[in-house]
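This is what each chain is made of:
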Amino acid sequence: MNTRPVWVEIARKKLIANYLELRRLAGNTVEVLAVVKANAYGHGMETCARLLAGAGAEWIGVTSVEEGIEARAVCPDAKILVMSGLWHGEGEAAIEHRLTLVVWEAFHLDLLEAAARRFQLPAQSVPVHLEVDTGMSRQGVQANSALLTSILNRFHAESPLRLDGVATHFSAPEVLDGKDTAEQAALFAAAIEQIAASGLRPAWIHAGNSANLLRADPFPRALKESAAKLGAKLMLRPGLALYGYAPRFTEAGRAAIPSGMASAKLSPVLAWKSRITSLRYIQAGESAGYNSTFRAARPTKLALLPMGYADGLNRLLSNRGTVLVRGHHAPIAGRVSMDQTIVDVTGIPDAAIGDEAVVIGGRGETSISAYDLADLTGTIPYEVLCNIAARVPRVLVD
Ligand SMILES: *Cc1c(COP(=O)(O)O)cnc(C)c1O
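Everything quoted here is computed from the prediction, not taken from an experiment.

Trainee: Give a detailed account of the sheet that holds strand 14 (residues 278-282), specifying residues and quantitative values.
Mentor: If you walk across this open sheet you meet the 3 strands as 14-17-20, and the pairing is antiparallel. Looking at the sheet topology across the chains shown, the edges are occupied by strand 14 and strand 20 (341-344). Put simply, the sheet's adjacent strands are angled 30° from each other on average, direction ignored. Note that strand 17 (residues 300-305) and strand 20 share 4 bridges and pair antiparallel. Opposite L304, over in strand 20, you have I342 as the bridge partner.

So this is what it looks like as structure tokens:
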């Protein structure tokens, strides 16, 4: 039962429109994998995965086998890519649920081979994707390493595993004039050449997130050429942009380019709302909240919202953030508590119990975005969205 007035609205049409827009920008020859990891960036994985698959997404990206199993329950036909390897005890579930694993450690292959043998699966029947580390130094077999050669040797004709895809991840694609992406692409292209030379024929080559997709040149030429030589299809992996936020691009000598490439039409999918549940007036000099960090400079009307940092409202928004009430910004007064937040509605004389308070959402001048909250709390919109707590119900709206 969700009766507490704190909720998130997920706009079905916006999510689908964003996905279709990204497909259009990627072009006909490039596949778009829809990333729904981390509860679809806080938007609700089951709902988003189902909608995206319904809109035509052939590939769904998750972070773990656990998430893959949840995605499989709502996407019976999609290809589900588990992007961060697997751990002990997960091999059989991965195969049972037909998850495609991104692998790079020898033990990933051991686990999948052992599970495939237990199911007595024939040679080449379990598709896996190999990640090549081209400079992120986070996961993946390092390009140009002896390990890459020995991992490639594992994909012999009798193995139950088949090399179906090769991937890498860029570390700074939103820096438009940066050389990192070009250098990583060159290393990746060389690794693909090595893979081709060893006789392997992966069907998919993928790299690149929202920022790559929204650039004028999602794939550097070297990558397009090596994929073409291999007869493999290129794929991009956007996450954030699906949910309506373009990365902030930067270029030397220019301020941040706020909405990415000008042609992208994306709308934020998520709105976060609450309602005023109590009102009071305090006199000049009186305080509000823990440790009296808000002190009224004038007779002040305060409204209570039944939500706090346990719902994901960052405590750094204390005396800094605002919410929208009747289309006006109501400043947060004092410290955000665990389950309660006080806002100053003095400037909004009609504010009443039951009024909606918009934490993220609104339109035009009177809107608050995940970027606004991120700027006030020293982080990125990803974290703002992911931090919306599980106890906040996600409601699907049109
Ligand atoms: C999260 C993730 C993405 C999506 O990144 P966005 O910046 O949200 O578009 C793509 N690829 C990998 C490997 C990821 O982990």
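Read on, since the account is not over.
Trainee: A description of the pattern of salt bridges should follow, citing residues and the corresponding values.
Mentor: It is possible for side chains bearing opposite charge to pair when their charged atoms get close. Tallied over the entire structure, the rule returns 21 salt bridges. In this structure, R12 and D398 form a salt bridge, with 2.6 Å as the shortest nitrogen-oxygen distance. Here R12, found in helix 1 (residues 12-26), pairs with D398, found in the segment after strand 23 (394-397); they are 386 residues apart in sequence, far enough to count as distant. The residue E31 makes a salt bridge to R23 at a minimum N-O spacing of 3.3 Å. A cluster of three or more residues bridged by salt bridges with shared partners is formed by R4, D311, D339 and R391.

Trainee: Break down the site of the ligand for me, with residues and values.
Mentor: Taken together, 13 residues surround the ligand, and among them K37, Y41, S210, G239 and Y382 come closest. With respect to the ligand, the side chain of N209 contributes an N or O atom lying 3.3 Å from an oxygen atom. The side chain of R237 places a nitrogen or oxygen atom 2.9 Å from a nitrogen atom of the ligand. Notes on the ligand: free accessible area 390 Å², of which the protein chains cover 92%. In the shell around the ligand, the residues fall into 6 nonpolar, 4 polar and 3 charged.

Cut-offs and rules
Residues numbered from 1 in each chain as written. Predicted model: local features only at pLDDT ≥ 70, side-chain atom pairs only at ≥ 80, totals over all residues. Heavy atoms only, no water. Pairing = 2+ DSSP bridges. Helix = DSSP H or I, 4+ residues; strand = E, 2+ residues; numbered from the N terminus. Axes fitted to C-alpha atoms, helices over the stretch in contact; angles between N-to-C directions. Salt bridge = Lys/Arg side-chain N within 4 Å of Asp/Glu carboxyl O. Near = heavy atom within 4 Å. Polar contact = N/O pair within 3.5 Å; in protein donor to acceptor, adjacent residues only side chain to side chain. Areas by Shrake-Rupley, 256 points an atom, 1.4 Å probe, with all protein chains shown as cover. Nonpolar A, V, L, I, M, F, W, Y, C, P; charged D, E, K, R; others polar.

Geometric values such as these leave the question of function open.
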